[in-house]
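Topology and contacts: notes
Residue strings, one per chain:
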Amino acid sequence: MKSVNTTCAYCGVGCGIDIDVINAGTRSITLMGTESHPANLGRLCSKGTALGDTVGLQDRLLHPEVNGRRVEWNQAITEVAGRLQSIIAEHGPDSVAFYVSGQLLTEDYYVANKLMKGFIGSANIDTNSRLCMSSSVAGHKRAFGSDTVPGCYEDLEQADLIILTGSNTAWCHPVVYQRIKAAKQKRPDLLVVVIDPRATATCDIADMHLKLASGTDGFLFNGLLDYLSKSNALDKAFVQQNTQGFEVALHAARKSAPDIQSVATNCNLQAGEIAAFYALFAATEKTVTVYSQGINQSSSGTDKVNAIINCHLATGRIGKIGQGPFSLTGQPNAMGGREVGGLANQLAAHMDFAPEDIDRVQRFWDSPRIANQPGLKAIPLFEAVAEGKIKAIWIMGTNPAVSLPNANKVVAALKNCENVIVSDCVRNTDTTALADILLPTTGWGEKDGTVTNSERRISRQRKFLSAPAEARHDWQIICDVAGKLGFGQAFDFHSPHDIFSEHAKLSGFENHSKGKRRDFNISALQSLSQSEYEALEPVQWPVNQKYPKGCKRMFQNEQFYTPSGRANFIPISAQKPQAATCSQFPFILNTGRVRDQWHTMTRTALAPQLNQHITEPFCEMHPQDAADLKLEDRQLVEIASRYGTLIVRLQITEQQQRGNLFIPMHWNRQFAAKGNIGSVVNAITDPVSGQPESKHTPVSIRPANYQWHGFVVSRKPLAIEAESYWVKIQGRSYFHYEIAGKDAVQNFPPWFKQQCRQMEGKTGEWLEYQDCTRQVFRGAVFSERGMLEAVYFLGPDHQLPDRSWVRELFDAGELTDSNRRDLLAGIPLAGGQNTGKTVCACFSVGENTIRQAIKEKCLKSIDAIGNHLQAGTNCGSCIPELKQFISSA
Ligand SMILES: Nc1nc2c(c(=O)[nH]1)N[C@H]1C(S)=C(S)[C@@H](COP(=O)(O)OP(=O)(O)OC[C@H]3O[C@@H](n4cnc5c(=O)[nH]c(N)nc54)[C@H](O)[C@@H]3O)O[C@H]1N2
Ligand SMILES: Nc1nc2c(c(=O)[nH]1)N[C@H]1C(S)=C(S)[C@@H](COP(=O)(O)OP(=O)(O)OC[C@H]3O[C@@H](n4cnc5c(=O)[nH]c(N)nc54)[C@H](O)[C@@H]3O)O[C@H]1N2
Ligand code: SF4
Ligand SMILES: [Mo]
């Protein structure tokens, strides 16, 4: 058995993974982190570890469909090209659009961009990176004249101070977090400051947590710039020789942050904690400031990025070991997408719409026409679909019906549009439900190509499984459509290698002249042979004559990509978020991620062990706010904004600050009745980058009144449309549903019984328990073979038995008589164990098991828990929770 080395399908850390295919027929694999990959050095997080459970064929889109009918590929391609062609002929190139994704491989992305901009001749191609990295891109370009991430992961290990702002690193970039944590353990002098309106798992390693008011980082960093100047902490020589615009920026900073007290007022922090943070920054040369969506997803995200960069330029802390601003990218190929020009305001190879760039790219592509101005960014692009100005949209590798703000409007727009083309590897998503044409793509493990991680490192994704049924590679589908449109010659690519070579060549094309150099240059890779491309080792761009082996750190020579070669200070007038709370919508809704799910769950929800840590969409709220509104922990609540509503379970926690709520972004119509976060999030955007403010929506919250609550566990999936609240959770041998109903509880069993009758067979058996006065109902169905097939538990409120032991009965096989009695009693009377919510996803260890072991065996450390139960010994993501259990014991 030969291992295949590839890169993880998920986050921008870009971990290397070694795969062993156990059985290609059943698609069974084992995997481990690649020891030699510079991003992870053998580590993986819970999501990477569970990738093997996501490569099955369950839920895959396997055949092309047009208007709901299965068709041959040739017909699907003809249909796509035909529709595009006739719309373009009648309404011009700007009447069609592509909406693509940072989860496409660079090669897929390159041809999509080339087709739209260079051959269709419109720049109406935008990407979900608009919702993710576009403020960072815009901030980099304003400061450096290029979209350059200066540093590398090693800088985090070499720093003396790491500031994590707007980043829940522990859950979203877990392997980077593990590296920071390991460095801190080795060298306790390495200090970590977390800046976040809520306490997160990342705070576990924080020496200081600034729990600032939502959206106020601009004030904090403007105040820091002023402080650095007043306390003589500037690198004056660097500022003078390598930058421009310092005085104006300082003046602007002082205007919005005249003193620490005013920063404290705006950020709702103590003056003392701000002073301590400023003093730490001023005193620590080796400082890295890491930022992610808490900064980018804001109506002034670009300004916040520049407020941070300003402080690094003022202290000369950039391009040096252990120093620099560091934008952590989200998706596996967020960076690759920027390199090929996937955003509507970029061209290709880090070129823009300057006349000489347009000319250069057109000559290189030898294209008949080329877009000569930026296209529509994601939010206005979907508005144009709603208005009927865009008449055909091709969506690839993203799920906008869930992930765009004001998603109800997006859904309505796509419903109205007659030409919605969706390329996806998964059959049922909220977006595929709206498609007129469905194109089945290969997925992770079946495709070949490259991705670029947060530290500019290009790694190969390699295929280890064959494409199932009729699935095709994204690049092939795009090239086929291009061919049908008459552009066959320019899209005559036979492999990802062909495309990569052209992409690499373009990056070096006329990229030498002084003052006009571009940062992105991988021209040294343009002549790789097919086998060299196959064997390509992870390498950080630029990779050119000067850096044939790649380059760890940019700006070491203190030269930037502006015409003058100097970096720009940007004057920032700090802004509060655009939408303010009001009496109707008095709470601020913050949204983001949880540890074990990836975005809209199309893949992570297939992995049973990733569905156990957090099973339902929830809303975090401060205890005092909950007390004021008389809301109870775990009750169902309705959240409403100007845009829409959703229903989630309340989670009362001190981690939240007063007036703020937090709901994860993941759940949608495939997994929950009313959990789609996009339907409430406001579509307000940053004026420079166009990135939506997904972290700040004014909302209201009230109890969602249900007559009864319950849960069902079944060996087979059930249809439960009858109930107005449901959440679906997939386990290894069962499907678990949380449900609640508004009408009489007696109405519940019919649909359930109907479906169970088939499971029962002829000689199966029903057990039922009814207590009409207490409104408690339980039931179980056993098959002819005595196997437990389905159970339900209903009650008048959400205080129901623990689910873990019930689910374990499904894994157990045949049940004993006492198991049966337990089921009716609603508790494990004898012998059974409530392991509780799964905390360690890697080894499936539950909360109750851990708490019990801590108590009974007097476990006092993470190591002791690890030795005893294995929990926390693989990816380590659960360690913050384990610590809480120890301290509460
Ligand atoms: N488990 C998991 N990991 C992922 C992903 C996933 O879906 N699941 N997605 C990947 C992708 S595409 C991305 S973009 C990254 C995102 O990675 P992160 O940006 O780390 O993740 P988020 O949870 O979106 O938001 C980060 C934090 O910003 C905080 N925040 C909100 N408002 C503010 C503010 O005004 N100021 C500050 N300083 N902080 C604020 C939130 O409370 C939250 O804790 O994660 C990647 N990794
Ligand atoms: N409220 C709120 N909304 C947010 C955010 C937030 O923090 N809060 N974050 C935003 C951010 S940062 C991001 S990145 C977006 C992510 O949002 P999306 O991009 O919409 O989320 P995904 O679930 O990753 O969607 C990827 C889709 O591509 C499919 N897919 C996987 N592999 C392939 C492939 O190889 N080819 C093709 N064609 N399809 C494939 C998957 O099945 C899935 O349907 O969400 C944004 N929306
Ligand atoms: S840290 Fe990111 S890239 Fe690494 S294994 Fe986890 S999800 Fe995959
Ligand atoms: Mo993202």
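Provided above is the structure to which this section pertains.
Every chain's residues receive numbers from 1 upward, in the order its sequence appears when written. Chain letters start at A and ligand numbers start at 1, both assigned in the order the entries are written. Given that this is a predicted model, residues contribute local features only at a pLDDT of at least 70 and side-chain atom pairs are listed and counted only at 80 or more, while totals for whole chains, interfaces and linings are drawn from all residues. Water and hydrogen atoms were dropped before computing side-chain values, which therefore reflect all heavy atoms in the structure.

Digging into the sheet that holds strand β9 (residues 191–195)
Each strand in a sheet pairs with its neighbour through backbone hydrogen bonds, running either in the same direction (parallel) or in the opposite one (antiparallel). To be explicit about the condition: DSSP bridges decide pairing: two strands pair if at least two such bridges lie between them. Comment: elements are numbered from the N terminus, with helices defined as DSSP H or I runs of at least four residues and strands as E runs of at least two. Axis lines are fitted to C-alpha atoms, over the contacting stretch for helices. Their N-to-C directions set the angle, which ranges from 0 to 180 degrees. Here, two residues are considered to be in contact whenever any of their heavy atoms come within 4.5 Å of each other.
Strand order in the open sheet made by the five strands is β10-β9-β8-β12-β13, with parallel pairing throughout. Taken across any chain shown, the strands that pair with only one partner, and hence form the sheet edges, are β10 (208–210) and β13 (324–327). Each adjacent strand pair in this sheet contributes to an overall mean axis angle of 15 degrees, direction not counted. Bridging between β9 and β10 involves three bridges; their strand directions are parallel. When the bridges of β10 are listed, Val193 appears paired with Met208. Contacts from helix α8 (residues 217–230) reach β8 (161–165), β9, β10 and β12 (287–291) within the one sheet, and its direction differs from that of β9 by about 135 degrees.

Regarding the sheet that holds strand β19 (residues 539–540)
Judged by pairing direction, the sheet is antiparallel, and its three strands sit side by side in the order β17-β18-β19 without closing on themselves. Strand pairing shows two members of the sheet lacking a second neighbour, β17 (449–452) and β19, which therefore form its edges. Two strands pair when backbone bridges link them, and strand β18 (residues 457–461) and β19 are joined in this way by two bridges, in the antiparallel orientation. Bridge pairing links Arg457 to Gln540 in β19.

A look at the nonpolar core
In plain terms, the rule: Buried Ala, Val, Leu, Ile, Met, Phe, Trp, Tyr and Cys residues that are joined via side-chain atoms within 4.5 Å together make up what is termed a nonpolar core. Type-normalised accessible area, obtained with a 1.4 Å probe on protein chains alone, sets the label of each residue: buried when under 20%, exposed when over 50%, and partly exposed for intermediate values.
Grouped together as the largest cluster of nonpolar side chains are 119 residues, with contacts concentrated most on Leu115, Leu220, Phe277, Trp394 and Phe491. For Phe491, the residues in contact, after removing those within four places along its chain, are Val111, Lys114, Leu115, Phe119, Cys479 and Ala482. Listed in part, the 62 residues of the second largest apolar core include Cys11, Ile19, Leu51 and Ile180.

Looking at the layout of surface pockets
Cut-off, in case you're wondering: Lining residues are defined by having an atom within 4 Å of a point belonging to a cavity or pocket. Those points lie on a 1 Å grid over the protein atoms alone, cavities being sets where a 1.4 Å probe fits but cannot get out and pockets being open sets with protein on both sides within 12 Å along at least five of seven lines. Grid points are joined across faces, edges and corners, and a volume is the space filled by probe spheres set on the points. Polarity classes work like this: nonpolar for Ala, Val, Leu, Ile, Met, Phe, Trp, Tyr, Cys and Pro, charged for Asp, Glu, Lys and Arg, and polar for all others, with Gly in that last group.
What the largest pocket holds in volume is close to 1300 Å³. Lining the largest pocket are 45 residues, with His613, Gln651, Lys837, Glu847 and Glu881 positioned closest to its centre. Of all the elements in the fold, those that place two or more residues in the lining of the largest pocket are β22 (618–621), β24 (645–652), β29 (735–741), α25 (803–812), α27 (847–856) and α29 (879–888). Per element, the largest residue contribution to the lining of the largest pocket is six residues, and it comes from α29. Of the residues that constitute the lining of the largest pocket, the class distribution is twelve nonpolar, 17 polar and 16 charged.

Here we look at the environment of Pro703
Checked against the element boundaries, Pro703 lands in strand β26 (residues 697–703). For the pair Pro703 and Glu638, spaced 65 residues apart in sequence, the C-alpha separation works out to 6.0 Å. With residues up to four places along the chain from it excluded, the contact list for Pro703 reads Leu631, Gln635, Leu636, Val637 and Glu638.

Details of unusual backbone geometry
Most peptide bonds take the trans configuration, and most residues that are not glycine carry a negative phi. A cis geometry characterises the amide bond from Trp541 onward to Pro542, with omega recorded as 0 degrees. Mapped onto the elements of the fold, Pro542 is located in the loop between β19 and β20 (567–568). Even without being a glycine, Phe555 presents a positive backbone phi close to 65 degrees. Residue position: Phe555 is located in the loop between β19 and β20. Residue classification places Phe555 among the buried residues on the basis of a relative accessible area of 4%. Despite not being glycine, Ser844 has its phi angle at roughly 50 degrees, a positive value.

Points about the site of ligand 1
Going by this rule: Nearness here has a simple test: a residue counts as near a molecule or strand if at least one of its heavy atoms is within 4 Å of that partner. Here a polar contact is taken to be a pair of N or O atoms separated by no more than 3.5 Å, where protein atoms must pair a possible hydrogen donor with a possible acceptor and residues adjacent in sequence count only if both atoms sit in side chains. For the area figures, the Shrake-Rupley method with a 1.4 Å probe applies, and any residue is considered shielded solely by the protein chains shown.
Not every one of the 33 residues close to ligand 1 is listed here, only the nearest: Asp196, Gly215, Asp217, Arg593 and Gln597. Here a nitrogen atom of ligand 1 sits 3.0 Å away from a polar atom, N or O, in the main chain of Arg595. Against a free-state accessible area of 920 Å², the protein chains account for coverage of 99% of ligand 1. Secondary structure elements with two or more residues in the shell around ligand 1: α6 (169–172), α13 (293–296) and β21 (587–592).

Let's talk about the side chain of Asp596
As for its placement among the helices and strands, Asp596 is situated in the loop between β21 and β22. Taking the relative accessible area as the measure of exposure, Asp596 reaches 2% and is therefore buried. A polar atom in the side chain of Asp596 sits 2.9 Å from the side chain of Arg595. Dropping the residues within four chain positions of it, Asp596 is found in contact with Ser46, Lys47, Thr604, Gln609, Leu610, His613 and Ala841.

A few points about the environment of Ala112
With respect to the helices and strands, Ala112 occurs in helix α3 (residues 106–120). Exposure remark for Ala112: the relative accessible area of 0% places this residue in the buried category. Sequence spacing of Ala112 and Ser367 is 255 residues, and the spatial spacing of their C-alpha atoms is 14 Å.

Quick word on the environment of Asp352
Structurally, the position occupied by Asp352 is in the loop between α15 (334–340) and α16 (355–365). Sequence spacing of Asp352 and Pro750 is 398 residues, and the spatial spacing of their C-alpha atoms is 61 Å. In contact with Asp352, other than residues within four places in its own chain, are Lys141, Asn345, Gln346, Leu347, Asp357 and Ile358. Side-chain polar atoms of Asp352 contact the side chain of Lys141, separated by 2.7 Å.

Regarding the packing of aromatic side chains
Note the threshold: Classification of ring pairs uses Phe, Tyr and Trp, with its six-membered ring standing for Trp, and accepts pairs whose centres are within 6.5 Å; under 30 degrees between planes counts as stacked, over 60 as edge-to-face, and the remaining range as tilted.
If you walk through the whole model with that rule in mind, you get 24 aromatic pairs. On the numbers, 6.5 Å between centres and 90 degrees between planes, the contact of Phe491 with Phe493 is edge-to-face. Of the two residues, Phe491 and Phe493, both sit in the buried class. Geometrically, the ring pair formed by Phe500 and Tyr533 is tilted, given 5.3 Å between the ring centres and 40 degrees between the ring planes. Placement of Phe500 in helix α21 (residues 496–508) and of Tyr533 in helix α22 (residues 530–534) is noted, with a sequence separation of 33 residues between them.

Points about the site of ligand 3
The local shell around ligand 3 consists of Cys8, Tyr10, Cys11, Val13, Gly14, Cys15, Leu44, Cys45, Lys47, Gly48, Pro174 and Val175. For the shell around ligand 3, the secondary-structure elements that each account for two or more residues are α1 (46–49) and α7 (174–186).

Observations regarding the side chain of Thr450
Within the secondary structure, Thr450 sits in strand β17. Take Thr450: its relative accessible area is 1%, and that puts it in the buried class. There is a polar contact of 2.8 Å between the side chain of Thr450 and the side chain of Glu107. Excluding residues that lie within four positions of it along the chain, Thr450 makes contacts with Leu105, Thr106, Glu107, Asn333, Ile458, Ser459, Arg460, Gln461, Phe500, Tyr533 and Leu536.

Comments concerning empty space enclosed by the protein
Think of a ball as big as a water molecule: rolled over the atoms, this probe shows where empty space is left. In the structure shown here, the tally under the stated rule is seven cavities of 30 Å³ or more. A volume near 160 Å³ is recorded for the second largest cavity. Considering the residues around the second largest cavity, the lining is formed by 16 residues, among which Thr54, Val55, Arg60, Cys425 and Arg603 are closest to the centre.

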